[in-house]
Amino acid sequence: MAMKKLDQAARDAGIALSFINNKGESQTISDDTKRALMALMDAPTGSAPPLPPVLVLTPPGLPELTPQGSDDYRWQLVSEQGQHYDGTLSAGESLALPAELPEGYHQLTLSTSRQQWQTRIIIAPARCYLPPALAQGEKRWGALVQLYTLRSARNWGIGDFGDLMQMLEQVAAHGGDFIGLNPLHALYPAQPEHVSPYSPSSRRWLNVLYIDINQIDEFTHSDAAQRWWHSAPTRKALKQARSAAFVDYRAVTTLKLTALRFAWQHAQPQLTRQPAFQQFLAEGGDALRYQAAFDAIVAARSQQHPDEWGWEKWPSGWQQAQQPEVQQWCAQHEDDILFWSWLQWLAQQQFAACWQRSQQLGMAVGLYRDLAVGVAQHSAETWQDPQLYKLGASVGAPPDPLGPLGQNWALPPLDPHVLRARGYQPFIDLLRANMRDCGALRIDHVMALLRLWWIPYGESADKGAYVAYPVHDLLAILALESQRQRCMVIGEDLGTVPQEIVSLLRDRGIFSWKVLMFECGEDGQFRPPAAYPRQSIASASTHDLPTLSGFWHAADLQLREQLGLFTKRSMLKAAIAERDGQRTALLNALSEAQAIDTRSKNRAGQRLTPALNQGVHRFLAYTDSALLGLQPEDWLGMETPVNVPGTVAEYPNWRRKLRVPLEKLFSYRKVQQLLAIVNEGRKKP
């Protein structure tokens with residue numbers, strides 16, 4: 001392929017021909033990368049249809065549609081509500097859509113005597129949903145909780161939906177409005193060491209380890225279950241799992257799945273007569289059935305192949321859900337599939353109960369969920385839909401000053417061409433699954449709606465290229481589903497943010513994320529509270545960053561040194577010197593905002609005292625951001641992070657628990673004082 005022709009083909013496929021490298025210079029994408037990525041994509045070929053497969057429109061002023069070609073057409077438009085419109089159209093004429101066509105999903109059919117074409121018409125609102133309290137100018141705060149980190153006297157060694165209910169009630173009682181959660185996506189119950197919530201098996205279904213066993217009647221009413229529950233080995237294993245400083249996923253999984261199997265034996269005879277469960281199965285359809293089948297197959301194979309992960313090493317006839325061998329297995333193991341489907345139903349019921357409780361408590365946001373940017377390479381979703389996910393590539397990030405080698409997240413990208421050809425239904429289904437039973441959805445790496453860095457499989461991250469996504473269409477659909485589900489949207493827009501998406505997110509009503517540690521000007525000074533935009537959520541930190549105490553004491557830098565993440569001793573020294581300057585700048589900002597008094601500033605040294613911690617939280621409460629997210633780790637002065645980016649086995653990521661159990665957390669005087677300060681600060685105009 002000639003050079004000019006290759007570049008044009010790459011552009012047509014949505015591949016950017018260059019990017020800004022870690023030196024701030026424009027770097028050209030190699031021809032090998034262009035060819036490798038184009039070979040993966042299902043870009044349209046052949047003659048174009050009269051109209052594209054999907055049109056996404058935002059009133060007012062719906063455009064007229066002019067089909068390409070020289071034929072005369074019959075057309076029929078069926079609205080989502082079932083209203084029919086039809087007529088004929090001569091070549092070159094335009095079709096005006098009915099002025100009364102409402103927001104939603106409509107189907108337009110063009111036909112001749114020889115052929116028929118379908119176009120999905122999506123009419124979307126201008127902006128995402130905003131809860132009335134925020135629309136009226138109120139400022140609210142909530143807790144940012146990694147659910148698995150919660151300790152309690154009643155959980156089984158991992159935070160669960162019972163703990164979430166208790167946490168909701170406590171947060172509401174102390175003036176809070178929401179709990180922001182880590183991704184609750186399905187992981188690998190039979191392979192419990194794969195624990196990252198950002199590398200899930202499926203983003204449409206829930207992590208069944210969050211089921212609160214204590215709430216399951218079939219468990220408490222089963223004699224066999226209760227004998228096991230009260231046995232000495234079970235009590236010992238439970239005590240060890242609860243007392244561990246880090247979540248022991250294998251021990252927790254063994255306990256919970258054993259209990260759930262006992263409960264299933266008791267529940268199964270009645271399930272066929274339970275309309276709610278049968279409706280859940282019907283609504284879940286093939287997506288639920290194959291998620292359950294995947295979990296069942298992994299569980300069965302793990303007994304003989306304990307080190308096997310995902311479907312990569314399965315026999316070739318098992319590596320896609322629709323293959324005959326899989327269908328035969330499913331027909332012979334309906335009971336196993338029903339068991340794993342039942343677990344999803346239990347999880348959905350318990351989470352929905354938490355949402356309903358938040359609404360009874362009068363919370364404007366209540367719960368917000370977190371949508372990961374993708375799924376793992378050999379996951380249930382890629383097994384079900386290998387055309388949608390491009391397994392010959394992985395998404396990540398190009399080299400930058402913080403990561404000179406770039407990043408490879410080992411997540412296969414969705415093909416934007418397939419997504420569009422399907423009328424964006426996979427994206428719609430994903431939003432609906434994650435907006436269910438919550439008041440807000442956080443979208444991790446929201447820039448993925450505009451572009452993703454694709455890396456050909458087996459290549460290093462610097463050998464990738466940016467691939468464009470239909471950002472205007474995706475944002476419009478996001479606004480439509482947000483309004484329908486009454487679920488506001490928060491975009492995680494940290495890191496390198498393309499300028500072209502900033503105004504798009506703002507105009508669509510998507511909240512930005514403002515992290516105190518990053519809110520500095522070019523002069524190194526922290527921005528004052530009034531500089532935080534109202535359409536944002538503010539926080540001290542995130543799960544990928546040090547806790548407030550870890551930041552102040554430079555514990556994160558010492559940890560990175562211990563883990564070998566600084567390749568030179570001089571890098572640690574430079575980082576410590578930079579941190580000293582950040583502490584001084586933050587003290588100045590706290591003083592100028594009257595979050596601490598001058599005497600506190602002058603006395604402040606290397607330690608984050610309770611008074612200084614209160615000052616930081618007061619500063620955050622003063623910010624103009626409509627939402628404020630606080631981490632319980634920061635209430636308690638914890639230093640150890642929950643995740644250290646750039647590590648896998650070097651650090652126990654996604655396992656560290658809170659130091660204090662829920663039963664005591666809100667009884668601590670220092671926590672009560674801190675939250676009282678936050679409540680007062682949020683009232684400041």
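Cut-off values and rules
Residues numbered from 1 in each chain as written. Predicted model: local features only at pLDDT ≥ 70, side-chain atom pairs only at ≥ 80, totals over all residues. Heavy atoms only, no water. UniProt positions renumbered as here; feature names shortened; annotations may be inferred. Helix = DSSP H or I, 4+ residues; strand = E, 2+ residues; numbered from the N terminus. Rg over C-alpha atoms; globule rule 2.2 N^0.38 Å. Buried < 20%, exposed > 50% of the residue type's maximum accessible area, 1.4 Å probe, protein only. Contact = heavy atoms within 4.5 Å. Areas by Shrake-Rupley, 256 points an atom, 1.4 Å probe, with all protein chains shown as cover. Lys, Arg positive; Asp, Glu negative; His and termini not counted. Charge placed at Lys NZ, Arg CZ, Asp CG, Glu CD. Expected span 1.5 Å × (residues − 1). Phe/Tyr/Trp six-rings, centres within 6.5 Å; stacked < 30°, edge-to-face > 60°. Pairing = 2+ DSSP bridges. Axes fitted to C-alpha atoms, helices over the stretch in contact; angles between N-to-C directions. Right-handed = clockwise from strand over helix to strand, strands pointing away. Salt bridge = Lys/Arg side-chain N within 4 Å of Asp/Glu carboxyl O. Core = buried A, V, L, I, M, F, W, Y, C linked by side-chain atoms within 4.5 Å.

The chain has the name 4-alpha-glucanotransferase in an unreviewed UniProt entry, where Pantoea dispersa is given as its organism. For the chain, the Sequence similarities (unreviewed entry) comment in UniProt is given as "Belongs to the disproportionating enzyme family." The annotation that UniProt attaches to the chain under Catalytic activity (unreviewed entry) is "Transfers a segment of a (1->4)-alpha-D-glucan to a new position in an acceptor, which may be glucose or a (1->4)-alpha-D-glucan."

### Some points on the overall build of the chain
Secondary structure summary: the chain contains 24 helices and 21 strands in total. Here the C-alpha radius of gyration of the chain, 26 Å, is about what a compact globule of 685 residues would show, namely 26 Å. For the chain, buried positions account for 56% of its 685 residues. Contacts spanning at least 24 positions in sequence make up 72% of the contacts within the chain whose residues lie at least 6 apart. For the chain, the exposed area adds up to about 29200 Å²; of that, 50% sits on carbon and sulfur atoms. Each charge class in the chain was averaged separately, 66 positive and 68 negative side chains, and the resulting centres sit 7 Å apart.

### Regarding helix α21 (residues 610-622)
The terminal C-alpha atoms of α21, which comprises 13 residues, lie 18 Å apart, in line with the 18 Å expected from a rise of 1.5 Å per residue. Counting buried positions along α21 gives 10 out of 13 residues, so the element sits mostly inside the fold. Within α21 the residues assigned to the buried category are Leu612, Asn613, Gln614, Gly615, Val616, His617, Phe619, Leu620, Ala621 and Tyr622. Where α21 is buried, its residues touch β20 (536-539), α17 (548-552), α19 (569-592), β21 (627-630), α22 (632-636) and α24 (669-682).

### A short note on the packing of aromatic side chains
This structure, assessed with the given rule, holds 25 aromatic pairs. Aromatic pair Tyr198 and Trp654: ring centres 5.6 Å apart, planes at 45°, arrangement tilted. You can see Tyr198 sitting in the loop between β10 (185-186) and β11 (202-206) and its partner Trp654 sitting in the loop between α22 and α23 (662-665), a full 456 residues away along the chain. For the pair Tyr198 and Trp654, one class covers both residues: buried. Taking 5.3 Å as the distance between ring centres and 75° as the angle between the ring planes, the aromatic pair formed by Phe339 and Trp340 counts as edge-to-face. Trp340 shares its class with Phe339; the two are buried. Counting every residue linked through ring pairs, the aromatic cluster contains Trp156, Phe219, Trp228, Trp229 and Phe262.

### Comments concerning the sheet that holds strand β16 (residues 451-456)
Adjacent strands of a sheet pair through backbone hydrogen bonds, lying either parallel or antiparallel. Strands sit in the order β14-β13-β16-β17 across an open sheet of 4 strands; the sheet is antiparallel. Of all the strands in the sheet, just β14 (407-411) and β17 (465-468) have a single pairing partner and so form its edges. The sheet shows a mean angle of 50° between the axes of neighbouring strands, taken without regard to direction. Summarising the sheet, strand β13 (residues 393-397) and β16 pair through 4 bridges and their orientation is antiparallel. Directly across from Val395, in β16, lies its bridge partner Trp454. With respect to the sheet, helix α2 (residues 31-40) is in contact with β13, β16 and β17, its orientation differing from that of β16 by roughly 105°.

### Notes on the pairing of strand β9 (residues 178-181)
Of the two faces of β9, the one carrying Phe178 and Gly180 and the one carrying Ile179 and Leu181 are both buried. For the crossover from strand β8 (residues 140-145) across helix α4 (residues 161-173) to β9, the handedness is right-handed. Bridge analysis of β9 against strand β12 (residues 366-371) gives 3 bridges, and the strand direction is parallel. Bridge pairing links Phe178 to Gly366 in β12.

### With respect to the pairing of strand β18 (residues 488-491)
Every second residue of β18 is oriented toward a common face, with Met488 and Ile490 on one face and Val489 and Gly491 on the other, all of them buried. Relative to β18, strand β15 (residues 440-443) runs parallel, the two sharing 4 bridges. Among the inter-strand pairings, Arg442 is bridged to a residue of β18, identified as Ile490.

### Here we look at unusual backbone geometry
At the junction of Pro59 and Pro60, the peptide bond is cis and its omega measures out at 5° in the coordinates. Structurally, the position occupied by Pro60 is in the loop between β3 (54-57) and β4 (73-78). Positive phi, normally seen in glycine, also occurs at His445, with a value near 50°. Within the secondary structure layout, His445 lies in the loop between β15 and β16. Exposure remark for His445: the relative accessible area of 18% places this residue in the buried category.

### Here we look at the sheet that holds β20
Taken in spatial order, the 8 strands line up as β18-β15-β12-β9-β8-β21-β20-β19 in an open sheet, and their pairing is parallel. Each edge of the open sheet is held by one strand with a lone partner, namely β18 and β19 (512-515). Each strand axis lies, on average, 25° off the axis of its neighbour in the sheet, ignoring direction. Summarising the sheet, β20 and β21 pair through 3 bridges and their orientation is parallel. Bridging across to β21, Ser539 finds its partner in Gly629. Where helix α11 (residues 334-360) meets the sheet, its contacts fall on β9 and β12, and the angle it forms with β12 comes to roughly 135°.

### Quick look at the UniProt feature "domain: MalQ N-terminal beta-sandwich" (unreviewed entry) in the chain
Within this structure's numbering, the places UniProt gives as "domain: MalQ N-terminal beta-sandwich" (unreviewed entry) are residues 51-125. In the segment residues 51-125, helix accounts for 0% and strand for 43%; the C-alpha atoms at its two ends are 22 Å apart.

### Regarding the pattern of salt bridges
Tallying each qualifying case throughout the model produces 30 salt bridges. Notably, a salt bridge pairs Lys34 with Asp7, separated by 2.6 Å at the nearest N-O pair. Of this pair, Lys34 sits in helix α2 while Asp7 is found in helix α1 (residues 3-12), placing the two residues 27 residues apart along the sequence. Here Asp7 falls in the buried class, since its relative accessible area comes to 17%. Arg301 is the salt-bridge partner of Glu308, the closest N and O atoms lying 2.8 Å from each other. Taken as a pair, Glu308 and Arg301 share a single burial class, namely buried. Counted as one network, the salt bridges with shared partners bring together Arg154, Asp160, Asp163 and Asp212.

### Thoughts on the nonpolar core
Across soluble globular proteins, nonpolar side chains show a tendency to be buried alongside one another. Met167, Trp342 and Trp635 are the most contacted members of the largest nonpolar core, which totals 202 residues. Those residues in contact with Trp635 that lie beyond four places of it in its chain are Trp141, Ala143, Met167, Asn613, His617, Leu630, Leu665, Phe666, Lys670, Val671, Leu674 and Leu675.

### A word on the environment of Ala190
Looking at the secondary structure, you find Ala190 in the loop between β10 and β11. Put simply, Ala190 and Arg655 are 465 residues apart on the chain and 17 Å apart in space, counted from C-alpha to C-alpha. Contact partners of Ala190, with chain neighbours within four places excluded, come to Val298, Ala299 and Ser302.

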